[in-house]
Amino acid sequence: MEKLGGKRKSVWEREPLSVDDISPSEINYIHNLASKRPKYKEKDCNSDLDVYTKIALLKVSPSVAGLVSYSGDEEINQGSGTIIESNDNVNIVLTSANLIRRIRRSTCVQFVENNLLDNLKVTVYTCDGTGYKGEVIAHDFHYNLAAIRFKSETPLATATLAHVDDSFSIASIPQSFQLRAHLRSSNLVPGDKVIAVGRYFAKDFDIMAAHGEYSLERADSEYDCRELFTANCIITRSGDGGPLINYNGEVIGITYYDFGLMPWMPINIVRLWWQHYKRFGEYCRPSLGIEATNLYAADICIMERLMLKFPSVCKGVFIEKVVPGSSADLAGIHANDVIVQCGGKTIQGFIEFFETIWDKVGSLVEVVVIRPGGLSATTNEDLISLTPLLTLDTFINRVNCNLLYTFWKGSSFGKTMHRQEI
């Protein structure tokens, strides 16, 4: 029997690996990749996943890809993406345009530019670790989106997309969408649980998950984009452009890396962008000259005055700002107004309003607004339908990538969104 001397080791403790046990490729991975682009699980909050998160993750994981971009033979950026189409072994991955941006380096800082990398190459890694040569077929530096096409030997799994319904009544406590199943839409209210997903871009091409909650807070003010939502998921740069899913395993948005709250773009807007590009081969975005949000995000004092004057109005789009000289300004819309109808349709929330306006680009659209005003106790519910219709002329505002961006010093990934004036 072996003599026990000194401090006894735990029977569970493993002997440390010697240098000889680690291959040169693994050493390179540890020092060059893991330190610069860590996996989600390196963050303490993502180290343990509950069973419901794992179930949702397994549903979406076959459609999540790892991505690497190159300028010639030099590796530049890494990220994640979502396979949304697979026809005749030709696949489409949607991701963040950060993957393909040119980076200009100076002595102490790096700047991201609204230009494609020189001699751009992209490699797409699927769930089994197979790498494919990708081709960037569409990119939009305003919405920070890119579509990459690649061909595989066999058909690949595609993600289930669920349009986000971001409306709920301010007169009642919303119920979490996790309590009921959805096929094509997902009602989302602040506090609902979501999962940011990514796939690591190097061996073993692991799936990554960061759970969190949808937040009512705006994205960093430097983004200046009203289409962006936020969640408190903590991700790393290796997951930039990956999907945000609900607990049914459905994709509800595209995520972006940031140091604070994680910005994400609702899949509704991503789909509109992609469908428009496929149809017309160009990009556009509607503009009315307003900044807007959901009614429930308005200041509580304004909400109180609104409910005193219009007790039947519990949903709508709250106008935060009107751009002077814009079509909205000329039509008479004011800050603090609430849009309740658009194009003859009752409007429940911001995303629905945006989708309606997108479909009206280039034509006239009529909207009905209500105005909270002062501390009036008027309760005439017919006032809404009697309000004169305001006619607004929407127009296509084509994105000028060189003008619509500001760069954020001190980060290799610039602030990639700009103010969206609807």
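Residues numbered from 1 in each chain as written. Predicted model: local features only at pLDDT ≥ 70, side-chain atom pairs only at ≥ 80, totals over all residues. Heavy atoms only, no water.

Concerning the confidence of the model for the protein
Point 1. When pLDDT is averaged across the protein, the result is 76; 72% of the residues are at 70 or more.
Point 2. Predicted confidence is poor over residues 176–183, with pLDDT under 50, and the contacts of this stretch with residues over four places away or in other chains come to 22 contacts.
Point 3. Predicted confidence for residues 374–391 stays below pLDDT 50, and this span has 35 contacts to residues more than four positions away or in other chains. (pLDDT = per-residue confidence, 0-100. Contact = heavy atoms within 4.5 Å.)

A few points about the environment of Ile-148
Point 1. Mapped onto the secondary structure, Ile-148 falls in strand E8 (residues 145–151).
Point 2. Note: C-alpha distance between Ile-148 and Thr-82 (66 residues apart in sequence) is 10.0 Å.
Point 3. Apart from the residues within four sequence positions on either side, Ile-148 is in contact with Leu-67, Asn-91, Ile-92, Val-93, Thr-95, Leu-99, Val-122, Val-124, Gly-134, Glu-135 and Val-136. (Helix = DSSP H or I, 4+ residues; strand = E, 2+ residues; numbered from the N terminus.)

Considerations on the sheet that holds strand E12 (residues 207–215)
Point 1. Sheet architecture is closed into a barrel: six strands sit in the order E11-E12-E13-E16-E15-E14, paired in antiparallel fashion. Neighbouring strand axes in the sheet, compared pairwise and without regard to direction, differ in orientation by 45° on average.
Point 2. Pairing analysis gives three bridges linking strand E14 (residues 243–245) to strand E15 (residues 251–255), with the strands arranged antiparallel. Each bridged residue has a counterpart across the sheet, and for Ile-245 the counterpart in E15 is Val-251.
Point 3. Relative to the sheet, helix H3 (residues 267–280) contacts E15 and strand E16 (262–266), its axis offset from that of E16 by approximately 55°. (Pairing = 2+ DSSP bridges. Axes fitted to C-alpha atoms, helices over the stretch in contact; angles between N-to-C directions.)

Considering the sheet that holds strand E6 (residues 120–125)
Point 1. The strand order around the closed barrel built from six strands is E1-E2-E3-E8-E7-E6, with neighbouring strands paired in antiparallel fashion. The average undirected angle you get between the axes of adjacent strands in this sheet is 40°.
Point 2. Here strand E1 (residues 64–71) runs beside E6; their pairing, made up of six bridges, is antiparallel. Note on E6: the bridge partner recorded for Val-68 is Thr-123.
Point 3. Those strands touched by H3 are strand E2 (74–87), strand E3 (90–96), strand E7 (131–140) and E8, and its axis lies near 90° from that of E7.

Looking at a nonpolar patch on the surface
Point 1. Nonpolar side chains collect at one region of the surface, where Val-51, Tyr-52 and Ile-55 lie side by side and expose about 330 Å² of accessible area between them.
Point 2. Along the polypeptide, Tyr-52 turns up in helix H2 (residues 51–60).
Point 3. Its relative accessible area of 59% is what places Tyr-52 among the exposed residues. (Patch = residues over 30% accessible without salt bridge, like charges linked within 9 Å, V, L, I, M, F, W, Y side chains within 5 Å. Areas by Shrake-Rupley, 256 points an atom, 1.4 Å probe, with all protein chains shown as cover. Salt bridge = Lys/Arg side-chain N within 4 Å of Asp/Glu carboxyl O. Buried < 20%, exposed > 50% of the residue type's maximum accessible area, 1.4 Å probe, protein only.)

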